[in-house]
Amino acid sequence: MFKKVLVANRGEIALRVIRGCRDLGVATVAVHSEADRTAAFVLLADEAVEIGPAPSAQSYLVIDRIIDAARSTGAEAIHPGYGFLSENQQFARACADNGIVFIGPSPEAMAAMGEKVPARQRMRDSGVPIVPGSDALEDVESAVAAATAVGYPVLIKASAGGGGIGMRVAQDEKELRESLPAAQSTAQRAFGNATVFLERYVDSPRHIEIQVLADTRGNIVHLGERECSIQRRHQKILEEAPSPTIDATTRARMGEAAVTAARAVGYVNAGTVEFIYSNGEFFFLEMNTRLQVEHPVTELVYGVDLVVEQLRIAAGEELQLRQEDLVPRGHAIECRVNAERYAKNFMPSPGQVTGYREPSGPGVRVDSSLAAPGMVSPSYDPMIAKLIVWGPTRELATARMRRALLEYAITGISTNICYHLAILDDPDFISGNYTTHFIEGHPELIAAAEAWEERKQPFLRVLRDPARAAAIAAAIVAVGS
């Protein structure tokens with residue numbers, strides 16, 4: 001095992017990796033921007049190195065500074081977390097060139113899955129089901145011909161893209177001719193690559209992803225599925241495991257497909273194979289060659305510490321997990337707690353957190369960037385924390401999440417905590433009958449969330465004015481005596 005690992009990330013994921021290292025007795029180095037000098041992950045690491053100003057382009061995305069920090073502190077390996085440089089082939093190669101272990105897949109595996117068109121081709125050749133579609137499009141006429149073969153409506157997607165950026169739906173040839181140039185232009189601006197392709201538009205889709213682990217000796221296992229269909233603007237906000245719609249037979253088939261996908265590119269370490277699921281069919285979507293934000297729901301259901309497994313694999317250890325032993329137990333749900341105004345189109349709401357109280361109790365876990373009141377910086381993603389619960393059944397897990405959200409108190413900024421409470425109460429969520437269109441199809445959740453805000457006010461007032469609360473308590477005690 002490594003003696004020292006540098007964590008090339010920030011916030012809750014940096015703290016999560018530090019905890020995994022500490023469980024194995026591995027020393028940690030945090031790199032941080034000027035804005036994060038007093039952040040929890042910096043203070044809890046064994047060492048810290050400042051690498052630049054607040055903007056990530058001048059700090060967390062500067063490869064040379066991170067490599068220099070690892071070399072100057074004697075770190076043998078770097079864990080990239082998710083986002084930032086986690087899927088950057090140049091960064092992985094820079095680590096190797098400097099004799100530093102990159103805790104993740106090889107640059108070649110990243111490249112194989114990084115662009116969607118060649119990845120689709122590789123999956124098709126390996127027998128993994130893909131959504132009917134096209135290869136890279138040369139011009140509008142080739143797009144029209146491909147769409148005619150696939151059948152309308154079609155989805156225009158960027159080959160090098162992610163997060164739904166530039167994605168467009170064309171209902172007919174007229175829309176396709178109008179939308180294709182705009183999609184190519186967006187892809188070029190966002191990814192430096194204008195290549196686009198078509199996929200058949202899948203009606204009522206669900207977003208299901210499979211967690212895989214692979215070691216350097218050819219052993220690959222999957223740890224079941226995560227249901228990630230509750231999204232806004234193609235960004236997940238609530239995930240659960242197992243999926244309320246996937247049975248054991250389908251789970252095994254999807255798991256086998258995910259293992260095949262990973263083996264096809266010589267994948268090593270933790271990764272996630274994403275699928276579109278609809279009407280009993282599933283199709284390969286893409287592979288995320290890193291740890292996922294929502295990995296905790298898998299950890300709770302399968303009893304596996306994915307960060308520890310990442311570290312062991314990167315250190316050259318053989319996987320001790322066997323597929324026949326990996327059986328889901330109970331149910332887990334994760335809510336992403338974001339600094340945002342849900343009633344104003346989910347506009348980010350960074351700023352100073354004046355009061356902070358995490359929930360606790362049976363089955364509750366909080367992975368947070370905050371340990372106390374502090375600043376949510378406008379320079380980074382607005383996610384504050386991940387609230388995760390486990391229960392022996394989906395019904396009890398939902399009840400525990402509701403209880404935990406009611407106890408979670410953050411003052412000074414706006415959050416989406418009450419929006420999550422509204423989701424949990426929705427009949428479609430309760431029944432498990434939802435798709436990736438859930439948020440846009442339920443505008444009434446805004447009013448329901450505002451009702452929850454009113455219900456939480458007495459509890460939040462105590463947090464805002466603890467001195468007043470203490471005075472009231474003292475007065476009550478005095479009257480009683």
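For the structure itself, consult the block above.
Basis of the calculations
- Residues numbered from 1 in each chain as written.
- Predicted model: local features only at pLDDT ≥ 70, side-chain atom pairs only at ≥ 80, totals over all residues.
- Heavy atoms only, no water.
- Phe/Tyr/Trp six-rings, centres within 6.5 Å; stacked < 30°, edge-to-face > 60°.
- Helix = DSSP H or I, 4+ residues; strand = E, 2+ residues; numbered from the N terminus.
- Buried < 20%, exposed > 50% of the residue type's maximum accessible area, 1.4 Å probe, protein only.
- Axes fitted to C-alpha atoms, helices over the stretch in contact; angles between N-to-C directions.
- Left-handed = near helix turned anticlockwise from the far one by under 90°.
- Contact = heavy atoms within 4.5 Å.
- Nonpolar A, V, L, I, M, F, W, Y, C, P; charged D, E, K, R; others polar.
- Pairing = 2+ DSSP bridges.
- Arc of directions from axis to C-beta.
- Polar contact = N/O pair within 3.5 Å; in protein donor to acceptor, adjacent residues only side chain to side chain.
- Salt bridge = Lys/Arg side-chain N within 4 Å of Asp/Glu carboxyl O.
- Core = buried A, V, L, I, M, F, W, Y, C linked by side-chain atoms within 4.5 Å.
- 1 Å grid on protein atoms, 1.4 Å probe; cavity = no way out; pocket = protein on both sides within 12 Å on 5 of 7 lines; lining within 4 Å.
- Points joined across faces, edges and corners; volume = space filled by probe spheres on them.
- Expected span 1.5 Å × (residues − 1).

Q: Which parts of the structure should I look at to understand the packing of aromatic side chains?
A: Counted by the stated rule, this structure contains nine aromatic pairs. Residues F91 and F102 carry aromatic rings whose centres are separated by 5.9 Å and whose planes lie at 90 degrees to one another, so their mutual orientation is edge-to-face. Residue F91 is located in helix α4 (residues 89–97), and its partner F102 is located in strand β5 (residues 101–102); the two are separated by eleven residues in the primary sequence. Side by side, F91 and F102 carry an identical accessibility label, which is buried. With 5.8 Å between their ring centres and 70 degrees between their planes, Y356 and Y408 make a pair best called edge-to-face.

Q: Can you help me understand the packing of helix α7 (residues 140–150) against helix α8 (residues 173–191) in this one?
A: Each packed pair of helices is defined by two parameters, the angle between the axes and the distance between the axes. Put simply, α7 and α8 touch, their axes get as near as 10 Å, and they point 140 degrees apart. Handedness of the α7/α8 crossing: right-handed. Residues V140, E141, A143, V144 and A147 of α7 form the contact with α8, whose own contacting residues are E173, L176, R177 and L180. Looking at the contact of α7 with α8 residue by residue, the class counts come to six nonpolar, no polar and three charged.

Q: Help me understand the sheet that holds strand β6 (residues 154–158), please; the structure alone is not making it clear to me.
A: Sheets are built from strands paired through backbone hydrogen bonds, the pairs being either parallel or antiparallel. The three strands lie next to each other as β7-β6-β8, forming an open sheet whose pairing is antiparallel. Since the sheet does not close on itself, it has two edges, and those belong to β7 (168–170) and β8 (196–200), each with one partner. Between one strand axis and the next, the sheet turns by 30 degrees as a mean value, whatever way the strands run. Taken strand by strand, helix α6 (residues 116–126) contacts β6 and β8, and its axis lies near 50 degrees from that of β8.

Q: Would you explain α7 in this entry?
A: It helps to recall that an α-helix has 3.6 residues per turn; residues three or four apart then point in one direction. Buried residues of α7: A143, V144, A146, A147 and V150, and no others. In a view along the axis of α7, the buried residues occupy a sector of 165 degrees, so they form one face of it. The outward face of α7, more than 90 degrees from its buried face, is lined by the exposed residues T148 and A149. In this structure, the buried side of α7 is in contact with β6, α8 and β8. Two or three places before E141, at the start of α7, stands the capping residue D139, its side-chain oxygen 3.2 Å from that residue's backbone nitrogen.

Q: Looking at this structure, I do not really get the pairing of strand β12 (residues 269–278). What am I missing?
A: Counted residue by residue, β12 has ten buried out of ten residues, so it is predominantly covered. In the sheet, strand β9 (residues 206–214) pairs with β12 via nine bridges, with the strands oriented antiparallel. If you follow H207 over to β12, its bridge partner there is I276. Both β12 and strand β13 (residues 281–288) contribute to a ladder of seven bridges, which runs antiparallel. Bridge pairing in β13 links Y277 to F282.

Q: Looking at this structure, I do not really get the sheet that holds strand β1 (residues 4–7). What am I missing?
A: Taken in spatial order, the five strands make up an open sheet running β3-β2-β1-β4-β5, and their pairing is parallel. Each having just a single partner strand, β3 (47–52) and β5 make up the two edges of the open sheet. Packed on one face of the sheet, helix α1 (residues 11–23) meets β1, β2 (27–33) and β4 (77–79) and runs near 170 degrees to β1.

Q: What am I meant to see in the pattern of salt bridges here?
A: Side chains bearing opposite charge may pair, as long as their charged atoms lie close to each other. Summed over all chains, the structure comprises 30 salt bridges. The closest approach of N and O atoms between D305 and R16, which form a salt bridge, is 2.8 Å. Of this pair, D305 sits in the loop between α10 (295–302) and α11 (306–314) while R16 sits in helix α1, placing them 289 residues apart in sequence. Owing to a relative accessible area of 25%, D305 belongs among the partly exposed residues under this scheme.

Q: What is the right way to read the side chain of R16 from this model?
A: Under the relative-accessibility criterion, R16 is labelled buried at 6%. With residues near it in sequence (within four places) discarded, R16 still touches H295, E299, D305, L306, V307, R365 and D367.

Q: Looking at this model, I keep getting lost on the nonpolar core. Mind explaining?
A: If you look at the biggest cluster of nonpolar residues, it comprises 64 residues, and the most contacted ones within it are L6, F41, I78, F91 and L213. It is α1 that provides the largest number of residues to this core, a total of six residues.

Q: Looking at this structure, how should I read the layout of surface pockets?
A: Once rolled over the atoms, a probe with the size of a water molecule shows which space is left empty. Estimates place the volume of the second largest pocket at around 360 Å³. Taken together, 21 residues line the second largest pocket, and the ones lying closest to its centre are D36, A39, S369, L370 and M375. Residue assignment for the lining of the second largest pocket shows that the elements contributing at least two residues are α2 (40–44), β20 (375–376) and β21 (383–391). By residue class, the composition of the lining of the second largest pocket is 13 nonpolar, five polar and three charged.

Q: In this structure, what is going on with the pairing of strand β10 (residues 220–232)? I would like to understand it.
A: Along a regular strand, successive side chains alternate from one face of the sheet to the other. Counting buried positions over the 13 residues of β10 gives 13, a clear majority of the element. Note that β9 and β10 share six bridges and pair antiparallel. If you follow V212 over to β10, its bridge partner there is H222. Here β9 folds back onto β10 in antiparallel fashion, the turn holding five residues, of which G218 has a positive phi close to 90 degrees.

Q: Just checking my understanding: could you explain helix α12 (residues 394–407) for this structure?
A: Helix length check: α12, at 14 residues, gives a terminal C-alpha distance of 20 Å against a target of 20 Å (1.5 Å per residue), a fit within 8%. For α12, every residue scored as buried is listed here: R394, A397, T398, R400, M401, A404 and L405. Along the long axis of α12, the arc covered by the buried residues comes to 165 degrees, so they all point the same way.

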